[in-house]
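Chain by chain, the residues:
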Amino acid sequence: MSSHHIHWTLALIPMAVLVALQVLVIREFGSDALDGASQTALLVAAAVAVAMGMIFFKVPWKDIDHAISDNVRTIGGAILILFLIGAVSGSWMLSGVVPTMIYYGMQVVSPSVFLFIACLISALVSLVTGSSWTTIATIGIALMGIGTAHGYGVGWTAGAIISGAYFGDKISPLSDTTVLASSVGEVPLFKHIRYMLITTVPSFTIALIIFLVASLVHAEQGGVQSAQFAEGLKSAFNISPWLLLVPVAAAVFIALRLPAAIVLFLSAFIAGVVMLFAQPDIVQHVGGGNSFRGLMLTYYSGTSLDMGNEALSSLVQTRGMRGMLSTVFLIFCAAAFGGAMAGAGMLQSLTAALAKGVSGRRSLVASTVGTGLTANMVTGDQYLSIVLTGNIFKNLYKEKGYEGRLLSRSTEDSATVTSVLVPWNTCGMTQSLVLHVPTLTYLPYCFFNLISPLMSITIAMLGYKIFRVEEK
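Procedures and definitions
- Residues numbered from 1 in each chain as written.
- Predicted model: local features only at pLDDT ≥ 70, side-chain atom pairs only at ≥ 80, totals over all residues.
- Heavy atoms only, no water.
- Helix = DSSP H or I, 4+ residues; strand = E, 2+ residues; numbered from the N terminus.
- Buried < 20%, exposed > 50% of the residue type's maximum accessible area, 1.4 Å probe, protein only.
- Contact = heavy atoms within 4.5 Å.
- Areas by Shrake-Rupley, 256 points an atom, 1.4 Å probe, with all protein chains shown as cover.
- Salt bridge = Lys/Arg side-chain N within 4 Å of Asp/Glu carboxyl O.
- Phe/Tyr/Trp six-rings, centres within 6.5 Å; stacked < 30°, edge-to-face > 60°.
- Polar contact = N/O pair within 3.5 Å; in protein donor to acceptor, adjacent residues only side chain to side chain.
- Axes fitted to C-alpha atoms, helices over the stretch in contact; angles between N-to-C directions.
- Parallel < 35°, antiparallel > 145°, perpendicular 65-115°, else oblique.
- Left-handed = near helix turned anticlockwise from the far one by under 90°.
- Nonpolar A, V, L, I, M, F, W, Y, C, P; charged D, E, K, R; others polar.

Trainee: I keep staring at the overall build of the protein chain and nothing clicks. Help me out?
Mentor: Helix and strand counts for the protein chain come out as 24 helices and zero strands. In the protein chain, which comprises 472 residues, the share counted as buried stands at 57%. Sequence-distant contacts, at least 24 apart, represent 77% of the contacts inside the protein chain between residues at least 6 apart. Of the accessible surface of the protein chain, which amounts to about 18900 Å², a share of 66% is contributed by carbon and sulfur atoms.

What follows is the structure, encoded as C-alpha cells:
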C-alpha cells in the first residue's frame, strides 16, 4: 500500500513505542543499556512496524523484507570502520602513543583555555581528515585524557571534541557526508561548502565562545590533577616524542587521501609494531608472557592496567574490536527498525506530513531541519537521513523556486550534526563507545550540534542570502 494512505499519526505509533521503551531502558539499565536492552527495544519497535504494515496496511512481507535488507546492506562500511577504530584505540593506547600525546598535551595546553583549544584542535583535524569518526577515535581520546587530568567533567570535554569534530566534518571537501549532501541537492561541492559557511561559522563561533568562558570559569575553580596524571603515565609507559611519529604517519596517509578504512588499518598496524619495541613490558603483561598473544589481545580484546589511580586506570583501559560488538549489534537493529518503517510505508508518511503546509522559506527550511532530525531518530543512520531528507524535499524546493544549495545546507545543518545526539543512531552509539561517555551525558554540551539546526532556521527567517532560482 502506498504511503499516502497511511495517516502520519498511525505512523507515529512504532516511534512512540521506541521512545517509550528507550526511556524505560535508560532508566533501568543506565550505561549498560547498550549491552542488549536498547537492541531489544529497537527490535520490538520494528516488530510493531512490521505488524502494522502487514495487518492494517496490507503491505506484503517481501516488500518489508526487501527494505530491511537494503538498510542492512548500507551499514557494511560503517561496521568495518568500527572494528578498525577498536583496533586503533587499543594499539594507540598500549603502544604509548595516546599516553605520550596526553603527557605532552598537559604541558602545552593550559587548563584555563582547554575546552576552547580541544574544540579548535578537533575542528582542524576533522577539517583535514574529513572524518569526525577518525578525529574522535585518535586525537579525541587523547583530549579526553587531558581534560580528565585537568579536572574537567567528561560531558564538557566530550562536547568540545564532538563540536569541533563535526564542524570540520561538515565543511571538509573530504567528508563523505558533505559530498553526499551536495550530491542529493544537486549542488557543486565547493558551492555547497561556501553556502554552508553562512550558518556554520556563526554556530561554531558561538560554541567556541561558550567553551572559552567555561574554561576560564573552570580555571578559577582549580581542582587540577594533571601532575598526578603525568607522573602516573610516565611511570607506566615509556614516554618519548618519537612515538608521535605514529600520528604523524597517520596524518601523511590522510594527506594522501587514502580511504578512512585504510588509514585506520595502517595506523593500527604501525602502532602494533611500535608497541613491541616501545612498551615490551606491557605487551608481555597483557599476553601473559607471550608478546604475540599480547599484540593480538590489544587489537581484538579489552585490556586494562593497574595505574594505582582509578581515574587513570579507567583512562588507559581499552576495548579493542570485541568492545565494538554491542554497537555493531545495535546498528543492525537500528537498520532493521528503519527498514521496517520504510517498507511499511510509515517513514514516507511521516516525512510527507512534515512537508505539508510549507508556504515559504521559513516553513520550508524548518520542515527540512525537522525531517533531518526525525530521520536520524527513526533510521538510526546519518547517511540514510541525508538521502531521505534530500529526496523528500528536492522537488518541493524546485517547485517553490529555491536553489538546491538551500536544501543541501539545511540537510547538513540537521541530518549530519544531530546524528551524534541520538543514543541509538550509529554516530551517537559510536562516539559514546569510543569516548566512554554516555550520549545523554555529552548531549547538553555539544553546543555546535545543538545550535546548527536553530541557526539554519534563524538565517531562513532573516532571509539572508536566500535566493530564488530566477534571482541573480
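Trainee: Would you explain the pattern of salt bridges in this entry?
Mentor: Charged atoms that come close allow side chains of opposite charge to pair. Enumeration over the complete set of coordinates arrives at three salt bridges. Here Asp 70 ties to Arg 73 by a salt bridge, and the two come within 2.2 Å at their closest N and O atoms. Linking Asp 70 with Arg 73, this pair stays in helix 3 (residues 61-73), spanning three residues, or about one helical turn. Put simply, Lys 170 and Asp 413 hold a salt bridge, and the shortest N to O gap is 2.6 Å. Taken together, the residues span a long stretch of sequence, with Lys 170 in helix 8 (residues 154-171) and Asp 413 in helix 21 (residues 404-418) at a distance of 243 residues. For the residue pair Lys 170 and Asp 413, the accessibility class agrees, reading buried in each case.

Trainee: How do you make sense of the packing of aromatic side chains when you look at a structure like this?
Mentor: Given two aromatic rings, their pairing is described by the distance between the two centres and the angle made by the two planes. One pass over the full model with this rule turns up eight aromatic pairs. Ring plane angle 10 degrees and centroid distance 3.9 Å describe the contact between Phe 167 and Phe 204, whose orientation is recorded as stacked. Here Phe 167, found in helix 8, pairs with Phe 204, found in helix 10 (residues 189-221); they are 37 residues apart in sequence, far enough to count as distant. Accessibility expressed as a relative area gives 11% for Phe 167, which makes it buried. On the basis of relative accessibility, which here comes to 6%, the residue Phe 204 falls in the buried class.

Trainee: Please explain helix 22 (residues 426-435) as it appears in this structure.
Mentor: Think of an α-helix as 3.6 residues a turn; residues three or four steps apart then line up on the same face. Counting buried positions along helix 22 yields ten of ten residues, so the element is predominantly enclosed. When we look at burial in helix 22, the residues that qualify are Thr 426, Cys 427, Gly 428, Met 429, Thr 430, Gln 431, Ser 432, Leu 433, Val 434 and Leu 435. Between the side-chain oxygen at the start of helix 22 and the backbone nitrogen of Cys 427 there is a gap of 3.0 Å, and the oxygen is on Asn 425. Phi turns positive one or two residues past the end of helix 22, at His 436, with a value near 60 degrees.

Trainee: Quick question: what am I supposed to make of the packing of helix 8 against helix 22 here?
Mentor: Angle between the axes and distance between the axes: these two values describe a pair of packed helices. Where helix 8 contacts helix 22, the axes come no closer than 12 Å and their chain directions differ by 130 degrees. In terms of orientation, helix 8 lies oblique with respect to helix 22. In this structure, helix 8 crosses over helix 22, and the sense of that crossing is right-handed. Between helix 8, through Ala 158, Ile 162 and Tyr 166, and helix 22, the contact on the second element is made entirely by Cys 427, Gln 431 and Leu 435. Residues that form the contact of helix 8 with helix 22 fall into these classes: five nonpolar, one polar and no charged.

Trainee: Quick question: what am I supposed to make of the environment of Phe 337 here?
Mentor: Within the secondary structure, Phe 337 sits in helix 17 (residues 325-343). Classification of Phe 337 by relative accessible area gives buried; the value is 0%. Sequence separation of Phe 337 and Met 15 is 322 residues, and the distance between their C-alpha atoms is 9.5 Å. Not counting chain neighbours up to four residues away, the residues in contact with Phe 337 comprise Pro 14, Met 15, Leu 18, Leu 42, Ala 45, Ala 46 and Val 378.

Trainee: Sorry if this is basic, but what is going on with unusual backbone geometry here?
Mentor: Most peptide bonds take the trans form, and the phi angle of most residues other than glycine is negative. In this model, Lys 58 sits at a positive phi of 55 degrees, which is unusual for a non-glycine residue. In this structure, Lys 58 sits in the loop between helix 2 (37-55) and helix 3. Phi at His 436 takes a positive value of approximately 60 degrees, unusual for a residue other than glycine. On the secondary structure map, His 436 appears in the loop between helix 22 and helix 23 (439-442). The class of His 436 is partly exposed, set by a relative accessible area of 36%.

Keep in mind that these numbers describe shape and distance, not what the molecule does.
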